[in-house]
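Tertiary structure, described
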Amino acid sequence: MPEPLTLEMNDPEGSLRETLDEDGRSTRAQVLRRAVIGGGSIAAGGLLIGGLPELALGRPSKRQDGKILNFALLLEYLESEFYVQAVAGGALSGELLTFATTVRDHELAHVDYLKQALGGAAIARPAFDFKGTTTDATKFTATAIVLEDTGVAAYNGQGPRLRRKTLPAAASVVSVEARHAAWIRHIAGKRPAPAPLDPAKSRKQVTDAVAATGFIA
Amino acid sequence: MSLDLETLDADGALRETAAAASGDTRAAFLAKAGLLGGGLAGLAALGAPEFAGAASRKGDIAILNYALTLEYLEAAFYTEAERKGALRGELASFAIVVGGHERAHVKGLKAALGRKAVKKPTFDFQGTTEDAAKFAATAQALEDTGVSAYAGQAPRVKNDDILRAALAIHTVEARHASWIRDYNGVAPAPAGFDKPRTKKQVLAIVASTGFIV
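Residues numbered from 1 in each chain as written. Chains lettered and ligands numbered in written order. Predicted model: local features only at pLDDT ≥ 70, side-chain atom pairs only at ≥ 80, totals over all residues. Heavy atoms only, no water.

**Quick word on the nonpolar core**
Residues Phe140 of chain A together with Phe135 of chain B are the most contacted members of the largest nonpolar core, which totals 103 residues. Here this core gets 14 residues from one element, more than from any other, and that element is helix 4 (residues 58–84) of chain B. The contacts of Phe135 of chain B, once residues within four sequence positions are left out, are Phe77, Tyr78, Ala81, Leu87, Leu91, Phe94, Ala95 and Thr128 of chain B. (Core = buried A, V, L, I, M, F, W, Y, C linked by side-chain atoms within 4.5 Å. Buried < 20%, exposed > 50% of the residue type's maximum accessible area, 1.4 Å probe, protein only. Helix = DSSP H or I, 4+ residues; strand = E, 2+ residues; numbered from the N terminus. Contact = heavy atoms within 4.5 Å.)

Given below as structure tokens:
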């Protein structure tokens, strides 16, 4: 566990309204916002994950760290719930079950860590619908590969946008995501490390990919 | 180590940095290993656009040269293992694939550093490249150490282009570590959070291997 991270972002009101204005330009944001609100989350859930143009993010700041950590929290909510349901679903066995159980616990720990860092500014957990991918071993494996590789690319994309003081926390999480990605790829018979450099994805790329899955109910 | 300070330290940055670090017990080792100092001609590594850029800060140059030394070590280890021919099956594939990645990292870091790049040290892998079991155990230790080394340095990097490159390498090292751990039958991801290591901690580990002659 890295050093506890506290952003003291307990005044989300003003910054959320600003984020709403920024996100209001994105149709994708509206889709996600509706989805998250529909899932019983507070409005903040949808606002912070919208397809915010990269240009709207300025230089590293405490406020930007908060947005990025909430984006990370959304991904960790998604991953953790995916593995919770997969383990509970009973379709996995052998190393695949070991993988799902181990990774579930890691993702839950990441959620706790990020929620603690964000305090009152943390978004609520959306409702998820994994479309049968948690109850079928083959679909589970393929989905886990995508989720973990996407998680690595998402963290790597946001790393330079964080204040350097926040980066150690992200660094200690992202390499674990990469370990998960390599592990499940290995189980699936795919090359665990497909290239000498891991790609980075922008928030919009990741958010679009997540939206395309339809996993956020 | 046959590195010569005069050759390495064209602009005196190395001796200046070494002097500044003289309170550090590892300063002598660092200077000997050529890990301090340098300058930067430009980043043009791996053909990746995010690696293109320039850095001029001494801190970033020192970090890049430190990373280069670790990558030299890893690349030489896998290249020698491949050449010795003692590995079979998946272990041989692992050495070939990972060796290719580490050589690419070396190439990239050298290109980034230009004339300021430290030279490749001489290595003695103490028989670990010609025995499958020793190779697998050593690869695991090297990769896990590499992950912790990049995590320890990333927050210290000033230039964003260099940081992007470091992050892109960092997670690939983690993939290597996970791969060889799974092969070895140990947990690929042993904890929810990976621990960073300081340069001092990493260099102490490297020194303890005796791999750098």
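**Details of the environment of Pro168 of chain A**
Within the secondary structure layout, Pro168 of chain A lies in helix 7 (residues 167–187). Remark: the alpha-carbon pair of Pro168 of chain A and Asn70 of chain A, spanning 98 residues in sequence, is separated by 17 Å.

**Observations concerning the interface of chain B and chain A**
Contact residues are listed per partner, giving 42 residues for chain B and 38 residues for chain A. A combined buried area of about 3300 Å² lies between chain B and chain A, and 63% of that area is made up of carbon and sulfur atoms. Contact with chain A buries area across many residues of chain B, yet Arg175, Phe193 and Asp194 of chain B alone supply 25% of it, more than any other trio. Counting the contacts that link chain B with chain A gives 5 salt bridges. One salt bridge in this structure joins Arg175 of chain B and Asp149 of chain A, with 2.7 Å as the shortest N-O distance. There are 23 residue pairs in polar contact (both at pLDDT 80 or more) connecting chain B and chain A. Looking at the side of chain B that touches chain A, the elements that each hand over two or more residues are helix 5 (89–113), helix 6 (132–153) and helix 7 (160–184) of chain B. (Buried area = accessible area lost by both parts, 1.4 Å probe. Salt bridge = Lys/Arg side-chain N within 4 Å of Asp/Glu carboxyl O. Polar contact = N/O pair within 3.5 Å; in protein donor to acceptor, adjacent residues only side chain to side chain.)

**Quick look at the packing of aromatic side chains**
Summed over the entire model, instances satisfying the criterion amount to 19 aromatic pairs over all chains. For the pair Tyr83 of chain A and Phe140 of chain A, a centre-to-centre distance of 5.9 Å together with 80° between the ring planes defines the contact as edge-to-face. Taken together, the positions of Tyr83 of chain A in helix 4 (residues 62–89) and Phe140 of chain A in helix 6 (residues 137–158) put the pair 57 residues apart, joining distant regions of the chain. Phe140 of chain A matches Tyr83 of chain A in its accessibility class, with the two residues each being buried. A centroid spacing of 5.4 Å and a plane angle of 20° characterise the contact between Phe123 of chain B and Phe125 of chain B, whose relative ring orientation is stacked. Note on Phe123 of chain B: relative accessible area 15%, which makes it buried. (Phe/Tyr/Trp six-rings, centres within 6.5 Å; stacked < 30°, edge-to-face > 60°.)

**Quick look at the environment of Tyr72 of chain B**
Residue and element names in this part refer to chain B. Residue placement: Tyr72 occurs in helix 4. Assessed through its relative accessible area of 4%, Tyr72 is described here as buried. C-alpha of Tyr72 to C-alpha of Pro121: the two residues are 49 residues apart in sequence and 7.7 Å apart in space. Those residues in contact with Tyr72, other than ones at most four positions away along the chain, are Val106, Lys110, Val118, Lys119, Lys120, Pro121 and Phe123. Within the local environment of Tyr72, its side chain forms a polar contact with the backbone oxygen of Val118, the two atoms lying 2.8 Å apart.

**Structural notes on the packing of helix 4 of chain B against helix 7 of chain B**
Residues and elements named next belong to chain B. With their axes 12 Å apart at the nearest point, helix 4 and helix 7 run at an angle of 25° to one another. The orientation of helix 4 relative to helix 7 falls into the category roughly parallel. For the pair helix 4 and helix 7, the crossing hand works out as left-handed. Along the contact surface, helix 4 presents Asp60, Leu64, Glu71 and Glu74, while helix 7 presents Ile162, Ile169 and Glu173. Taken together, the residues that form the contact of helix 4 with helix 7 break down as 3 nonpolar, no polar and 4 charged. (Axes fitted to C-alpha atoms, helices over the stretch in contact; angles between N-to-C directions. Parallel < 35°, antiparallel > 145°, perpendicular 65-115°, else oblique. Left-handed = near helix turned anticlockwise from the far one by under 90°. Nonpolar A, V, L, I, M, F, W, Y, C, P; charged D, E, K, R; others polar.)

**Looking at unusual backbone geometry**
In this model, Lys131 of chain A sits at a positive phi of 55°, which is unusual for a non-glycine residue. Relative to the helices and strands, Lys131 of chain A is located in the loop between helix 5 (94–118) and helix 6. Assessed through its relative accessible area of 48%, Lys131 of chain A is described here as partly exposed. One non-glycine residue, Gln126 of chain B, lies in the positive phi region at around 55°. Here Gln126 of chain B shows up in the loop between helix 5 and helix 6.

**Remarks on the confidence of the model for chain B**
All names here are of chain B. Within chain B, residue pLDDT values average 80, and 74% of them lie at 70 or more. At the low end of the mean pLDDT range in chain B sits helix 1 (residues 5–8), at 29; at the high end sits helix 6, at 98. If you check the scores for this complex, the pTM reads 0.79 and the ipTM reads 0.80. (pLDDT = per-residue confidence, 0-100.)

**Regarding the side chain of Gln153 of chain B**
By the element assignment, Gln153 of chain B lies in helix 6. Dropping the residues within four chain positions of it, Gln153 of chain B is found in contact with Ile63, Tyr66 and Lys199 of chain B.

**A word on the pattern of salt bridges**
Within the structure shown, the criterion is met by 14 salt bridges over all chains. Asp149 of chain A is paired through a salt bridge with Arg185 of chain A; the nearest N and O atoms lie 2.6 Å apart. On the criterion of sequence distance, the pair formed by Asp149 of chain A in helix 6 and Arg185 of chain A in helix 7 is long-range, its members being 36 residues apart. The exposure class of Arg185 of chain A is buried, given its relative accessible area of 12%. Its salt-bridge partner being Asp198 of chain A, residue Arg175 of chain B comes within 3.0 Å of it at the nearest N-O pair. Taken together, the positions of Arg175 of chain B in helix 7 and Asp198 of chain A in the loop between helix 7 and helix 8 (203–213) put the pair across two chains. Residue Arg175 of chain B shares its accessibility class with Asp198 of chain A, and that shared class is buried.

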